[in-house]
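Working through the structure, step by step
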Amino acid sequence: MERRRLSYGRQTVEQDDIEAVVEVLGSETLTQGPRVEEFEEAVCSYTGASYALCCSSGTAALHLACLAAGLGAGDEVITSPNTFIATANCALYVGATPRFADIDPETFNISPAEIEKRIECADGRTRALIPVHYAGLPCDMDAITWLARKHGLMVIEDACHALGASRRSTDGVVHRIGSSACSEMTVFSFHPVKSITTGEGGAVTTNDRTLYERLKTLRAHGVVRDPAVREASPWLYEVRTLGYNYRLSEIHCALGISQLKKLERFIRRRAQIADIYNEAFAGQGHMKTPPSIDGLASAHHLYPLRIDFSALGIDKGRWFAAMSAAGVNLQVHYIPVHLQPFYAKKFSCRPGDFPNAERFYAQEVSLPIYPGLDDDEVSYVADTILSTLRSASSGTSAGMV
Ligand SMILES: Cc1ncc(COP(=O)(O)O)c(C=O)c1O
């Protein structure tokens, strides 16, 4: 039997999702209709946030959040180097400066101690923190909130990996990521590899009505419609600020509503897959499985396995090719943002600036993890990883156990 090629992530779209989308296509309203609010209400009721605003991508959500937060020229924003480029770019979009704080080597999330050092270097210019819940594992939000309060900073959580994750705070209360209990805003992505998908799409959640109103205006060209004026002149609208078209269509929202109903099932399956991998790699030399931390429930967006390629004497690129030849497309998350040529040049960053993120990048491999994988496929991936590593390292003195 021929195996299908596997990659690190893919959508799970089922017949009822398709029917939900087809129904919209036959309806009168393809955009700006009732499904937008219905999807936003569903996001609120799942996360526990008071307000949710859906938009065209996670990147648009980050941009809107930075604009709504009033960030701009002269402001510095601290984020993780271990993230997708969009997390840092959003600061640049609004004229602010992204700065990085190294990751904690155990969680791969931004280190609060490193944030504090960065704030101290910034001489009062730091205005906001954008912690990223990498791979779906929540950051240390208690420590981050404490720092934000101490220094008067805004917090925008980049939860593009973390819809479906939760954390227990020091007072014992369990918060779903997106409740924005510890932040001004939380940002999600609904790209196909994420917890749920709308094709492309994103959302911002908040408990602050003023921020929500700003986000809503910015999402649609800065247009405000005053109901009192519209009664007399129904055509009237006012452009009160520079806005964008970051709307999410009815078609996308219909898919989002349908997908959100399945989120818990999707996350349970991702957790089962992580358990299979954890068991397969337990006790293997030169390998480390992702952390499991008391009080944190991951959304398991990624399964970041660490392999000490240099100790094994294995060339990571060649080994990737061997895995690809066996039908498994692995990925790496992430090339540290400060090493991307654009950032390295613009901010004079060098290798060695954020050693934990760089060491993590050298060792990290993202394994296939998504609800549509069956147990046999997961075992195949684990077995293939072990056998290809064994044959690649058999010529070296280190070898694999
Ligand atoms: C951590 C993180 N932030 C932001 C984004 C941007 O989301 P989108 O692709 O929906 O624009 C992504 C997407 O991969 C991401 O992984």
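Okay, so let's go over this structure. Remember, predicted model here, so these are calculated numbers, not experimental data. (Residues numbered from 1 in each chain as written. Predicted model: local features only at pLDDT ≥ 70, side-chain atom pairs only at ≥ 80, totals over all residues. Heavy atoms only, no water.)

Things to note about the sheet that holds strand β2 (residues 76–79)
What the seven strands build is an open sheet, ordered β1-β9-β8-β5-β4-β2-β3; its pairing is mixed. This sheet does not close on itself; its edge strands, each paired only once, are β1 (51–55) and β3 (97–100). Along the sheet, successive strands turn relative to each other by an average axial angle of 25°, direction set aside. Both β1 and strand β9 (residues 202–206) contribute to a ladder of five bridges, which runs antiparallel. Opposite Ala52, over in β9, you have Thr205 as the bridge partner. On the sheet, helix α2 (residues 34–47) packs against β1, β8 (185–189) and β9 and is oriented at approximately 130° with respect to β1. Sheet strands in contact with helix α6 (residues 141–151) are β4 (126–130) and β5 (154–158), and its direction is about 150° off that of β5. (Pairing = 2+ DSSP bridges. Helix = DSSP H or I, 4+ residues; strand = E, 2+ residues; numbered from the N terminus. Axes fitted to C-alpha atoms, helices over the stretch in contact; angles between N-to-C directions. Contact = heavy atoms within 4.5 Å.)

With respect to the site of the ligand
Residues in close proximity to the ligand total 16 residues, the closest being Gly58, Thr59, Asp158, Ser189 and Lys194. With respect to the ligand, the side chain of Asp158 contributes an N or O atom lying 2.7 Å from a nitrogen atom. Contact between the ligand and Tyr334: an oxygen atom at 3.1 Å from a side-chain N or O atom of the residue. Summarising the interface, the protein chains cover 91% of the accessible area of the ligand, which totals 390 Å² for the free molecule. Broken down by secondary-structure element, the contributors of at least two residues to the shell around the ligand are α3 (58–68) and α4 (85–93). Per-class residue counts for the shell around the ligand are six nonpolar, eight polar and two charged. (Near = heavy atom within 4 Å. Polar contact = N/O pair within 3.5 Å; in protein donor to acceptor, adjacent residues only side chain to side chain. Areas by Shrake-Rupley, 256 points an atom, 1.4 Å probe, with all protein chains shown as cover. Nonpolar A, V, L, I, M, F, W, Y, C, P; charged D, E, K, R; others polar.)

Focus: the packing of α2 against helix α9 (residues 250–260)
Their axes nearest at 8 Å, the elements α2 and α9 cross at an angle of 30°. With respect to α9, the axis of α2 lies roughly parallel. By crossing handedness, the relation of α2 to α9 is classed as left-handed. Of α9, the residues touching α2 (which contributes Pro34, Arg35, Val36, Glu38, Phe39, Ala42 and Val43) are Glu250, Cys253, Ala254, Gly256, Ile257 and Leu260. Taken together, the residues that form the contact of α2 with α9 break down as nine nonpolar, one polar and three charged. (Parallel < 35°, antiparallel > 145°, perpendicular 65-115°, else oblique. Left-handed = near helix turned anticlockwise from the far one by under 90°.)

Quick word on the pairing of β9
Taking burial as the measure, the five residues of β9 include five buried ones, the bulk of the element. Of the two faces of β9, the one holding Gly202, Val204 and Thr206 and the one holding Ala203 and Thr205 are both buried throughout. By the bridge criterion, five bridges tie β8 to β9 in an arrangement that is antiparallel. Paired with Val187 across the two strands is Val204, which belongs to β9. (Buried < 20%, exposed > 50% of the residue type's maximum accessible area, 1.4 Å probe, protein only.)

Thoughts on helix α10 (residues 263–281)
Helix length check: α10, at 19 residues, gives a terminal C-alpha distance of 27 Å against a target of 27 Å (1.5 Å per residue), a fit within 8%. Buried within α10 we find Leu263, Phe266, Ile267, Arg269, Arg270, Ile273, Ala274, Tyr277 and Phe281. Relative to the axis of α10, the buried residues are bounded by an arc of 160° and lie together on one face. In α10, the exposed positions that point more than 90 degrees away from the buried face belong to Arg268, Asp275 and Glu279. Count one or two residues on from α10 and you reach Gly283, which has phi positive near 80°. (Expected span 1.5 Å × (residues − 1). Arc of directions from axis to C-beta.)

A few points about unusual backbone geometry
In this model, His333 is joined to Tyr334 through a cis peptide bond whose omega is 5°. Examined against the element boundaries, Tyr334 turns out to sit in the loop between α12 (316–325) and α13 (341–346). The phi dihedral of Ala135 is positive, around 65°, even though this residue is not glycine. Inspection of the secondary structure puts Ala135 in the loop between β4 and α6. With a relative accessible area of 6%, Ala135 lands in the buried category.

The quantities given are spatial measurements derived from coordinates; they are silent on function.
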